[in-house]
Amino acid sequence: MDIRTITDSYAVTPQITPEDLDAIKAAGFVAVINNRPDSEIPPEWQSDAMKIAVEGAGLTYVVNPVTHAGLNMDMVALQMATIDSAGGPVLAYCASGTRSSIVWSLGMAGKMPTEAIINATARAGYDLSGLAARIDGLAEG
C-alpha cells in the first residue's frame with residue numbers, strides 16, 4: 001500500500017486489497033471510498049467483494065466510481081459528503097490515487113485557496129496544477 005496524506009482527514013492510495021484492511025484500520029481510517037470502476041479490475045477487487053471486506057473490517061465503505069471522462073459534480077458532492085460525515089479520516093482509492101485527488105480538489109474549490117489545494121496534492125505526489133483554472137471557476141460559482 002502507498003497511502004498518501006492530502007489532509008489530516010483525507011488520504012489517497014492506489015488499489016487496495018482485502019489484505020490491506022487491517023493496516024488501514026490500524027492507521028486510524030474510519031471510511032474507505034472506492035473511486036475505481038469495476039470494469040477496470042478483477043472480480044475479487046470489485047465493489048461487491050470490497051464492500052464485504054471493508055465493512056467486515058469495521059469500516060464504512062462508499063462506492064463512487066470515477067472516470068476522467070465521466071467525472072461530474074455529483075461524484076464530487078458524494079466524495080465531500082462522505083468525508084464530511086465520516087467522523088474520522090477517510091482513505092480513497094483508485095488505480096493510482098490521481099482520480100481520488102482530483103475529486104477532492106474539485107470539492108475543495110471555494111473552501112480553501114486554489115494554490116493551497118494544488119500544493120496539498122503536490123505534497124502527496126500528484127501534480128494537479130492543470131486543474132487550477134477549473135478549481136478557480138468552481139470557486140467563483
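Residues numbered from 1 in each chain as written. Predicted model: local features only at pLDDT ≥ 70, side-chain atom pairs only at ≥ 80, totals over all residues. Heavy atoms only, no water.

## Comments concerning the environment of Asn 35
Secondary-structure assignment places Asn 35 in the loop between β3 (31–34) and α2 (47–56). Sequence separation between Asn 35 and Val 66 is 31 residues; the distance between their C-alpha atoms is 5.3 Å. Residues in contact with Asn 35, not counting those within four places in the same chain, are Tyr 10, Asn 64, Pro 65, Val 66, Gln 79, Ala 92, Tyr 93, Cys 94, Arg 99 and Ser 100. At 2.9 Å, the side chain of Asn 35 forms a polar contact with the backbone oxygen of Asn 64. (Helix = DSSP H or I, 4+ residues; strand = E, 2+ residues; numbered from the N terminus. Contact = heavy atoms within 4.5 Å. Polar contact = N/O pair within 3.5 Å; in protein donor to acceptor, adjacent residues only side chain to side chain.)

## A short note on the pairing of strand β5 (residues 90–94)
Among the five residues in β5, five count as buried, and that is most of the element. The sheet contact formed by strand β2 (residues 10–14) and β5 spans five bridges and is parallel. Bridge pairing in β5 links Thr 13 to Tyr 93. Where β3 lies against β5, four bridges are found, and the strand directions are parallel. Note that in β5 the partner of Ala 31 across the bridge is Val 90. (Buried < 20%, exposed > 50% of the residue type's maximum accessible area, 1.4 Å probe, protein only. Pairing = 2+ DSSP bridges.)

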